[in-house]
2 protein chains.
Amino acid sequence: MNLSEYILDFLIKKKVHNVFTITGGAICFLMDAFSRNKKIKYTSVAHEQAAAMMADSYSRFGPNFAATMVTSGPGATNLLTGIACSWFDSIPTLHICGQVNRYELSSFHKSTKKVRQVGFQETDIVSIAKPITKFAYQLKNENEIRYILEKAHHISQEGRPGPVLIDIPMDLQRKLINPNKLRSFKQKTIKTNNKKLSKQIFKIISFFKKSKRPVIILGGGIRLSKTTKELQIFLKKFNIPIVTTWSGVDSIKHDNKKYIGNIGVYGSRAANFVIQNSDFVLSLGSRLDTRITGGVPKNFAREAVIASVDIDKNEINKDRGLIIKIKINESLNKFFDLFNKKSEKLQINKLDWLQKSLLWKKKYPIVVPEYRKQKKYVNPYFFMERLSKYLAKDDIVVADDGAHLTWAIQSLKVLKQQRLFSAFGNSPMGYAFPAAIGASIALNKKKVICIDGDGSIQINIQELQTLVSNKLPIKIIILNNDGYGIIKQFQELYLQERHEAVDSKKGVTNPNFSKVANAYGISYSEIKKNSDIDKTLKKTIKSKKAEFINVFIKPEQKIIPKLAFGSPLEDLSPPLPRKEFLKNMIIKSIDKNKNLTESN
Amino acid sequence: MNLSEYILDFLIKKKVHNVFTITGGAICFLMDAFSRNKKIKYTSVAHEQAAAMMADSYSRFGPNFAATMVTSGPGATNLLTGIACSWFDSIPTLHICGQVNRYELSSFHKSTKKVRQVGFQETDIVSIAKPITKFAYQLKNENEIRYILEKAHHISQEGRPGPVLIDIPMDLQRKLINPNKLRSFKQKTIKTNNKKLSKQIFKIISFFKKSKRPVIILGGGIRLSKTTKELQIFLKKFNIPIVTTWSGVDSIKHDNKKYIGNIGVYGSRAANFVIQNSDFVLSLGSRLDTRITGGVPKNFAREAVIASVDIDKNEINKDRGLIIKIKINESLNKFFDLFNKKSEKLQINKLDWLQKSLLWKKKYPIVVPEYRKQKKYVNPYFFMERLSKYLAKDDIVVADDGAHLTWAIQSLKVLKQQRLFSAFGNSPMGYAFPAAIGASIALNKKKVICIDGDGSIQINIQELQTLVSNKLPIKIIILNNDGYGIIKQFQELYLQERHEAVDSKKGVTNPNFSKVANAYGISYSEIKKNSDIDKTLKKTIKSKKAEFINVFIKPEQKIIPKLAFGSPLEDLSPPLPRKEFLKNMIIKSIDKNKNLTESN
């Protein structure tokens, strides 16, 4: 057995059934092993960047994790933006890069250590990838392959998950090995301090009991830790408002009677009123990022006691103004496990508060009646409301970045077993489309809905060929607002509407999407006004094939609401009349005189 | 004046007239400065990777260097493959990345130093880019902007050139500055040791005089140092064979009566016989890479004394088997300057040896008669021969990577002021097309010919929109051999023809290029056999618009000749009959019994 064959066997054991790849000189021997193994396949993509994003998404939906295999040099550096997605969103992925033969490495001779390159396409990918991987390693000899694979796999999943990278010189890829003689990796099991955790749980329960306006935040950690079931048991104990972060958006069904909405810079007014007026916050699996807290973290839930469960001790110990009183540096699995055990009969009812929260939700919906009545162009908020109606019970929606991501997360309703996600932390243009492919492949060519922008889709447009070649029923929905909408809004707020480099007036142009879809043999539709939405969605969302749906949005369409720079989270723009605003505020620390305007 | 405005003024002073960009949240303030400056423009591209490659090419053809401007996070990481092109090929480029506000940097607070991300889309691009840049720096305050820009520019051009990167937090981009009060960068001028150089030059002259079979190698350094004129004066002193490396391929006109061809793994038999039989080698601006020396450097020109002029002391001091006796660590400008002064009447004539070399050239052409007679498919060697006929006197040709690069470099004839290049060291799929755009923009929308592969073009296919949007007369020639030709040949040689992940039988498919070109409104032609070549080239190469030319090559088309692994450079595959081979060898150290076969 050679080393390449061993790697495939290892991946199969770890339930990786498909690898994303472009072959090349330095990965040839590894790819050759597929010819002798029928239990694992590969998908050849058109750009390695897409391979890394497909792996990221495959890992989110697969039974374990995901892998790419690429050649040295540009093959490896092309992965980096995709690797960064997994790094910031805590997704376990394994990237195997081919490398030049060991004797061709510049590190091989003392005299060549400072040379830019010795072997053809030699690149020090390990050093380059280090800042955005949990573990990056160049294999030194064939006998450490088992140890390194096991270690890499362990690290990628342990604690806060993330990507790992192994760089394998060509000469090692074809070395013969004896699997029985290989050293294994012994993983240390970190024991939970149950006593400490119990104490913290009782503290939390006591705060819940004595608080008047408690709230629970659900973050991306729920899905990452696969604890949606445990969460349901947990949430039954509480009749209080529940809110989500962006990456937590699909951790709860949106028709849950206690669910208020998303909090944050692009949150709903209702959810932000809830969080800002609360007196006790339990955050579950959220890093409480600035997109959630607003630019001035000390203003976040500023009269509340905050408790947070976060697997990453660096996140929970951030000291940027937001004070976390109860820090639980533990996995949600262990937290729910112990909490649910310790509180079998617990019932926290704050019905008046819940009622008030639900009233806010009713009073300040994201989708307002005038959006539905819009005559020219499609209103993106109304579009999302309608799209929700056409989704099947387990449909997966992946949104890209910028304005269309914001519209989707603000207004799409997640029901039943539906999923809604993006590469939230890295937020590159171009993630959603390859991510849709990765999810579809992970789930046996399942339908996936990709919500994209006219600028963003171009970044990975080459993967239309991968879509077609693999016959995947992916629905590409373009919210087409002629350029980069979120930047346009920024320029209007802070740069007196000087629209440099954002739209077709300044050189940012779109291809003719109808012709492009056609060129790849993908069926194409257009939605030009609100009244066309249903007709087209009815026909396309349930079809069994790929669809390209070009939705025309007003070029100056805004994200509403949105936090203006420097304002506290409760005071979203456009600002409410002060009187109405003040009526909604229960806490005492409010700047009553601040008269916010759009330009603040 | 704000810091962003200062940056534009600096770039204008350095003769950068066009910047390649995609805007984004963290670069908005810098891009805004373009609205107040009419002396510099930007080109909005569809993927930052292409921006970096365009800048690389713009720098090769522009009067000084080139710049990109991109947003933080994915904007910055998307540049990396393009930056690597500039790094390995010694091209000075400046990459300006926007970054989150300083107070949002994870490095800002002690408590957040180990957090993956604080500001939205914060990424430590400086650490990531460090291994492939000469200088990568995050701006600390507004007052160091002049110093850092001047330093970065100096470093990018000094010694062996290369890319530099400056990361600029958003809050600094809009800081007001007083240009008169900024600290400047004082560059140290390194004085040449003229005495030492003179001595070395006399040594070289003496070796030339006493040698019987001397040869001059021209490397990429000729073009990089812009010494083609000085080279011409220099070469007039010699009647001896001249050969080129790949990156030196366009440093001499191919109809020069002393020019034999390219040396190396994919060199011509003639040029390799010359180098291997030589007794004195003067290498000018070549790092004598393994693609030039063959996999076993000690076999290269093994009975010759080698002298090398290389600006990079690390390259010239490599100790991997190849012994350089006279090491001149100096710029070619200074070398030619002094050499031409010290040897006004020098004339080195080795006419018998030159004659023999020219006979080899005649006897072993790359393009053989049977190629011209090929009935099915287009023969790529014959195609290049014909393409040469249609090139104007100053046409620029950029080739991508893999098999089609090899065919182009082996057989395209560079005449008059023509240029032929690629990203030789990094050799990513997808370089040629954006590089063609960069060159065209550098030269005021000049015609550029891009030679690409069916696999490679897909990597940056999104830039068809940039091409169309900017109305550039670029000729995209696809040598279409259904997949990755160079890997197929590798698999035939070393993997018993197991063709994993290389062609349409194994999931590597092409879009319908005719429809794709059509979708972008680019005129499309096909060449399916040798006899169609002239008709189509006549029509397309001289047209004033963009053209997409799909040339169908036999899927199993080989690169001929090519060095088999482990063989010395003189013994290219397919091997010559031993008798004929031995007749060509003048040196003594030949393995007479080795009977090479394809599988060696």
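Residues numbered from 1 in each chain as written. Chains lettered and ligands numbered in written order. Predicted model: local features only at pLDDT ≥ 70, side-chain atom pairs only at ≥ 80, totals over all residues.

Let's shift gears to the overall build of chain A. From N to C terminus, chain A includes 25 helices and 20 strands. Scaling as 2.2 N^0.38, a compact globule of 600 residues should have a C-alpha radius of gyration of about 25 Å, and chain A matches this with 25 Å. When each of the 600 residues of chain A is scored for burial, the buried share is 60%. Partitioning the contacts of chain A with sequence separation of at least 6, the portion at a separation of at least 24 is 75%. (Helix = DSSP H or I, 4+ residues; strand = E, 2+ residues; numbered from the N terminus. Rg over C-alpha atoms; globule rule 2.2 N^0.38 Å. Buried ≥ 20, exposed ≤ 12 C-beta atoms within 10 Å, placed from the backbone. Contact = placed C-beta atoms within 7 Å.)

Another aspect to go through is the relation of the copies chain B and chain A. Note on the identical chains: chain B maps onto chain A by a rotation of 180° and an axial translation of 0.0 Å, with an RMSD of 0.0 Å. These values place the two chain copies in the arrangement generated by a two-fold rotation axis. Considering only C-alpha atoms, the residue of chain B closest to the rotation axis is B:I128, which sits at 2.3 Å. The share of interface residues of chain B whose copies in chain A are also at the interface is 100%, consistent with both copies meeting through the same surface. (Least-squares fit on C-alpha atoms with pLDDT ≥ 70 in both.)

This part covers the pairing of strand β18 (residues 474-480) of chain A. All names here are of chain A. Most of β18 sits out of view: 7 of its 7 residues are buried. As paired strands, strand β17 (residues 448-453) and β18 are joined by 6 bridges and run parallel to one another. Bridge assignment links D452 to a residue of β18, and that residue is I478. Running through helix α21 (residues 464-469), the crossover from β17 to the neighbouring parallel element β18 is right-handed. Note that β18 and strand β20 (residues 547-552) share 6 bridges and pair parallel. In the sheet register, I478 faces β20, and the bridge partner there is N550. (Pairing = 2+ DSSP bridges. Right-handed = clockwise from strand over helix to strand, strands pointing away.)

Another aspect to go through is the domain arrangement of chain A. All names here are of chain A. Its domain assignment divides chain A into domain 1 (3-181), domain 2 (194-363) and domain 3 (369-552). Computed from C-alpha atoms alone, the centre-to-centre distance between domain 1 and domain 2 is 38 Å. In this complex, domain 1 contributes 5 residues to the contact, which on the side of domain 2 involves 5 residues. Class assignment for the residues of the side of domain 1 that touches domain 2 results in 1 nonpolar, 2 polar and 2 charged. (Domains from an automatic or database assignment. Nonpolar A, V, L, I, M, F, W, Y, C, P; charged D, E, K, R; others polar.)

Residues and elements named next belong to chain B. Read across the sheet, 6 strands follow the order β2-β1-β3-β4-β6-β5 without closing on themselves; strand pairing throughout is parallel. Where the open sheet ends on each side, the last strands, each with one partner, are β2 (41-44) and β5 (135-138). Taking each pair of neighbouring strands and ignoring which way they run, the sheet shows an average axis angle of 20°. Here strand β1 (residues 18-21) runs beside strand β3 (residues 66-70); their pairing, made up of 3 bridges, is parallel. Across the sheet, residue V19 finds its bridge partner in β3, namely A67. (Axes fitted to C-alpha atoms, helices over the stretch in contact; angles between N-to-C directions.)

The next point concerns the pairing of strand β17 (residues 448-453) of chain B. Working note: regular strand, side chains alternate between the two faces of the sheet. All names here are of chain B. In terms of burial, β17 is largely enclosed, as 6 of its 6 residues are buried. The side-chain alternation of β17 yields two buried faces, one formed by V448, C450 and D452 and the other by I449, I451 and G453. In the sheet, strand β15 (residues 396-399) pairs with β17 via 4 bridges, with the strands oriented parallel. For V397, the partnering residue across the bridge sits in β17 and is I449.

So, on to the interface of chain B and chain A. Contacts between the two partners involve 78 residues from chain B and, on the opposite side, 78 residues from chain A. With 5 residues, the top contributor of residues to the side of chain B that touches chain A is helix α5 (residues 80-89) of chain B.

Below, the discussion takes up the nonpolar core. Of all hydrophobic cores here, the largest spans 370 residues; its most connected members are A:V398, A:C450, B:V398 and B:C450. Ignoring anything within four residues of it in the chain, the contact list for A:C450 reads A:V398, A:A432, A:F433, A:A436, A:I474, A:K475, A:I476 and A:I477. (Core = buried A, V, L, I, M, F, W, Y, C linked by C-beta atoms within 7 Å.)

What follows deals with the environment of B:Q374. All names here are of chain B. Summarising the element assignment, Q374 is placed in the loop between α17 (369-373) and α18 (380-390). The sequence separation of Q374 and K529 amounts to 155 residues, and the corresponding C-alpha distance is 8.1 Å. Setting aside residues no more than four positions away along its own chain, Q374 makes contact with N379, F382 and N530.

What follows deals with the sheet that holds strand β5 (residues 135-138) of chain A. Adjacent strands of a sheet pair through backbone hydrogen bonds, lying either parallel or antiparallel. Residues and elements named next belong to chain A. Read from one edge to the other, the open sheet built from 6 strands follows the order β2-β1-β3-β4-β6-β5, with strand pairing classed as parallel. Whereas interior strands pair on both sides, the edge strands pair on one side only; in this sheet they are β2 (41-44) and β5. Pairs of neighbouring strands in the sheet enclose a mean axial angle of 20°, with direction left out of account.

Our focus in this paragraph is the environment of A:K298. Residue and element names in this part refer to chain A. Mapped onto the elements of the fold, K298 is located in the loop between α13 (290-293) and β12 (305-309). Of the residues examined, K298 has 12 C-beta atoms within 10 Å and is grouped as exposed. The spacing of K298 and I201 is 97 residues in sequence and 25 Å in space, taken between C-alpha atoms. Once you skip the residues sitting within four places of it in the chain, K298 turns out to touch G321 and L322.

Attention now moves to the environment of B:G507. Examined against the element boundaries, B:G507 turns out to sit in the loop between α22 (485-494) and α23 (513-519). In this structure B:G507 comes out as partly exposed when scored by C-beta crowding, with 19 C-beta atoms within 10 Å. Setting aside residues no more than four positions away along its own chain, B:G507 makes contact with A:T43, A:S44, A:S469 and B:A501.

This next bit is on the packing of helix α11 (residues 228-235) of chain A against helix α15 (residues 332-342) of chain A. All names here are of chain A. Viewed as axis vectors pointing N to C, α11 and α15 meet at an angle of 30°, and their least axial separation amounts to 10 Å. The orientation of α11 relative to α15 falls into the category roughly parallel. In terms of crossing hand, the pair formed by α11 and α15 is left-handed. Taking contact as the criterion, the partners of E230, L231, I233 and F234 in α11 are, on α15, F336, F339 and N340. Here the residues of the contact of α11 with α15 sort into 5 nonpolar, 1 polar and 1 charged. (Parallel < 35°, antiparallel > 145°, perpendicular 65-115°, else oblique. Left-handed = near helix turned anticlockwise from the far one by under 90°.)

This part takes up unusual backbone geometry. Residue and element names in this part refer to chain B. The peptide bond linking I560 to P561 adopts the cis configuration, its omega dihedral lying at -5°. Inspection of the secondary structure assignment puts P561 in the loop between β20 (547-552) and α25 (578-584). A cis amide bond, omega -5°, links S573 with the succeeding residue P574. One can find P574 in the loop between β20 and α25.

A separate point is the packing of α18(B) against helix α19 (residues 402-411) of chain B. All names here are of chain B. At their nearest, the axes of α18 and α19 sit 9 Å apart, and the two run at 50° to each other. In terms of orientation, α18 lies oblique with respect to α19. Seen along the crossing, α18 lies across α19 with a hand that is right-handed. In contact with P380, Y381, M384 and E385 of α18, α19 contributes H404, W407, A408 and S411. Each residue belonging to the contact of α18 with α19 can be placed in one class, and the counts come to 5 nonpolar, 2 polar and 1 charged.

On to helix α20 (residues 432-442) of chain A, then. Residue and element names in this part refer to chain A. In terms of burial, α20 is largely enclosed, as 11 of its 11 residues are buried. Residues A432, F433, P434, A435, A436, I437, G438, A439, S440, I441 and A442 constitute the buried set of α20. One or two positions beyond α20, positive phi appears at N444, with a value near 60°.

Here we take up the confidence of the model for chain A. All names here are of chain A. For chain A, the mean per-residue pLDDT works out to 96, and 98% of the residues sit at or above 70. Long-range and interchain partners of residues 595-600, a stretch whose pLDDT sits below 50, account for 13 contacts in this model, where long-range means more than four residues apart. Here the predicted complex carries an ipTM of 0.97, next to a pTM of 0.97. (pLDDT = per-residue confidence, 0-100.)

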